[in-house]
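Fold and contact review
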There are 2 protein chains.
Amino acid sequence: MTRSPKADTKGRKLSSFLCFAVYSANLAFGRAYKPILDAFGLTYTQYIAMIALSEADEQTVSALGEKLFLESNTLTPILKKLEQSGYISRTRDPADERQVRVSLTAAGRRLLDKEINASLVEATGLGDEFPIVQKSVVRLRDNLLHHTRGDAKKG
Amino acid sequence: MTRSPKADTKGRKLSSFLCFAVYSANLAFGRAYKPILDAFGLTYTQYIAMIALSEADEQTVSALGEKLFLESNTLTPILKKLEQSGYISRTRDPADERQVRVSLTAAGRRLLDKEINASLVEATGLGDEFPIVQKSVVRLRDNLLHHTRGDAKKG
DNA sequence: TCCGATTAGATCGGATACGATCTATATCCA
DNA sequence: TGGATATAGATCGTATCCGATCTAATCGGA
């Protein structure tokens, strides 16, 4: 890496800017979505958790955490709030009382399918580039995650 | 992943995935950097704040906040901690006592210039694509910010 | 079968984000 | 000049993130 000749200082700055670009893009997403989500009493993280829940019913907290890159310490309070709001259900698995099964309720699914919708895509202003940027960011994230765990599965 | 047949649902999902990709890439940056920053007693946000501070001396909290997309409610506690750590200085501007001027100390600058370095670039694993991804994410962020404030200044 | 190890969530404390509000200082202008 | 207004930070409450730890349930081996 650091393919630049004056690699040192320039490399550090570039790195800083990429990490900062992602950091601030994340803040920007939160702010762009907030007015829309506020109307439904959802926070940004709660909304993301519901998207993950929309992919399957009866997911465990751990399985959900793998999708979200979060653990029970973060998820448990969020899921409890979503349960209180009536958007999800939480029940202990009778077959293994250690596990909690989480699903969207009818109200939660209705919220995702109908009430919150296309306005969120437009906010990105990316047009045709949307899937390209998406792919790059996903790969960036995965590279970082592999680096973290010392896992050298590279492409 | 699990791309749905319906256009409506698909649009929502794509949007979700881009916001989620950024969200999780940000988490991934924090985790990849943590082991490195831990050694210097810095958090990820504190590190980013120091990068912004490295661009100029005697910045006000507001000016710093504009670069970081943060306000005094978030910055003040962070800057106080960095001051306690000895990496920055905070002083009221004699010409306008409302303003606080913030600068890196010698120790802070040394930390950025020498001690923390190229290892942070490698963690991204992006190689030559680094500047391209960076540019896309910056544009995404700016689009979102413009959308938030209803400002339609586009490129 | 019983006890240690493992697993799944939950709890706790520290550090962000952020809306709302507060204080102190500076400015405006009749 | 003096009170209304504006500005810059700071404080507070709520909601994430995350490391460390705890509890309860399950599993494994002698």
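What you are looking at is a predicted structure, and each value in this text was computed from that prediction instead of being measured. Sequence order sets the numbering: in each chain, residues are counted from 1 along the sequence as written. Both sets of labels track the order of writing: A upward for chains, 1 upward for ligands. Local features in a predicted model are, by the rule used here, given only for residues with pLDDT of at least 70; side-chain atom pairs are given and counted only at 80 or more, and totals for whole chains, interfaces and linings are based on all residues. Processing note: side-chain calculations cover all non-hydrogen atoms of the structure and skip hydrogens and water entirely.

1. Some words on the overall build of chain A
- Each helix and strand in chain A was counted, giving 7 helices and 3 strands.
- Seen in sequence order, chain A has helices and strands lined up from the N terminus as α-α-β-α-α-β-β-α-α-α.
- Note on classification: 1.4 Å probe, protein chains only; a residue is buried when its accessible area is under 20% of the maximum for its type, exposed when over 50%, partly exposed between these limits. For chain A, with 155 residues in total, the buried portion stands at 44%.
- Only the protein chains shown count as cover for residues, and all accessible areas are computed by the Shrake-Rupley method using a 1.4 Å probe. As displayed, chain A has an accessible area near 8,100 Å², and 52% of this comes from carbon and sulfur atoms. The secondary structure listing takes helices from DSSP runs of H or I that are at least 4 residues long and strands from runs of E that are at least 2 residues long, numbered from the N terminus.

2. So, the sheet that holds strand 2 (residues 88-93) of chain A
- The rule for pairing is simple: two strands pair if DSSP sees at least two bridges between them. Strand order in the open sheet made by the 3 strands is 1-3-2 (chain A), with antiparallel pairing throughout. The open sheet has two edge strands with one neighbour each: strand 1 (59-60) and strand 2 of chain A.

3. A look at the packing of helix 3 (residues 61-68) of chain B against helix 4 (residues 72-85) of chain B
All names here are of chain B.
- Axis definition: a line fitted to C-alpha atoms, over the contacting stretch in the case of helices. Angles run 0 to 180 degrees between N-to-C directions. Running from N to C, helix 3 and helix 4 point in directions that differ by 110 degrees, and their axes come no closer than 10 Å. Judged by the angle between their axes, helix 3 and helix 4 are roughly perpendicular. For the pair helix 3 and helix 4, the contacting residues are Val-61, Leu-64, Gly-65 and Leu-68 in the first and Ser-72, Leu-75 and Leu-79 in the second.
- In terms of residue class, the contact of helix 3 with helix 4 is made up of 5 nonpolar, 2 polar and no charged. Working definition: roughly parallel below 35 degrees, roughly antiparallel above 145 degrees, roughly perpendicular at 65 to 115 degrees, and oblique for all remaining angles. Whether two residues are in contact is decided by their heavy atoms, any of which lying within 4.5 Å being enough. Any residue that is not Ala, Val, Leu, Ile, Met, Phe, Trp, Tyr, Cys, Pro, Asp, Glu, Lys or Arg is counted as polar, Gly included; the first ten are nonpolar and the last four charged.

4. With respect to the packing of aromatic side chains
Residues and elements named next belong to chain B.
- Think of it this way: a Phe, Tyr or Trp ring, Trp meaning its six-membered ring, pairs with another when their centres are within 6.5 Å, and the plane angle makes it stacked under 30 degrees, edge-to-face over 60, tilted otherwise. Tallied over the entire structure, the rule returns 12 aromatic pairs over all chains.
- Ring centres of Tyr-33 and Tyr-44 lie 5.8 Å apart, and the angle between their planes is 85 degrees; this geometry places the pair in the edge-to-face category. A residue pair is termed long-range when its members are at least 10 positions apart, and Tyr-33 in helix 1 (residues 7-38) and Tyr-44 in helix 2 (residues 44-53) qualify at 11 residues. Both residues of the pair, Tyr-33 and Tyr-44, count as buried.

5. Some points on helix 4 of chain B
Residues and elements named next belong to chain B.
- Any helix carries an expected span of 1.5 Å times its number of residues minus one. In a regular helix each residue adds 1.5 Å, so 14 residues correspond to 20 Å; helix 4 covers 19 Å between its end C-alpha atoms and thus fits that length.
- Buried within helix 4 are the following residues: Leu-75, Ile-78, Leu-79 and Leu-82. For helix 4, the angular spread of the buried residues around the axis is 100 degrees, confining them to a single face. Facing away from the buried surface of helix 4 by more than 90 degrees, the exposed residues are Asn-73 and Gln-84.
- If you follow the buried residues of helix 4, they end up packed against helix 2, helix 3, strand 2 (88-93) and strand 3 (96-104).
- Among the residues trailing helix 4, Gly-86 stands out with phi positive, at a value near 85 degrees. Directions are taken from the helix axis to each C-beta atom, and the arc is the one they span.

6. A few points about the sheet that holds strand 2 of chain B
Residues and elements named next belong to chain B.
- One open sheet holds the 3 strands; their spatial order is 1-3-2, and the pairing between them is antiparallel. In this open sheet, the two edge strands, each paired with only one partner strand, are strand 1 (59-60) and strand 2.
- Two elements, strand 1 and strand 3, share 2 bridges in a ladder whose sense is antiparallel. Each residue of the ladder has a partner; that of Gln-59, found in strand 3, is Val-102.
- Along the sheet face, helix 2 touches strand 1, strand 2 and strand 3 and points at about 100 degrees away from the line of strand 3.

Fair warning: the whole summary comes from geometry, so function is off the table for now.
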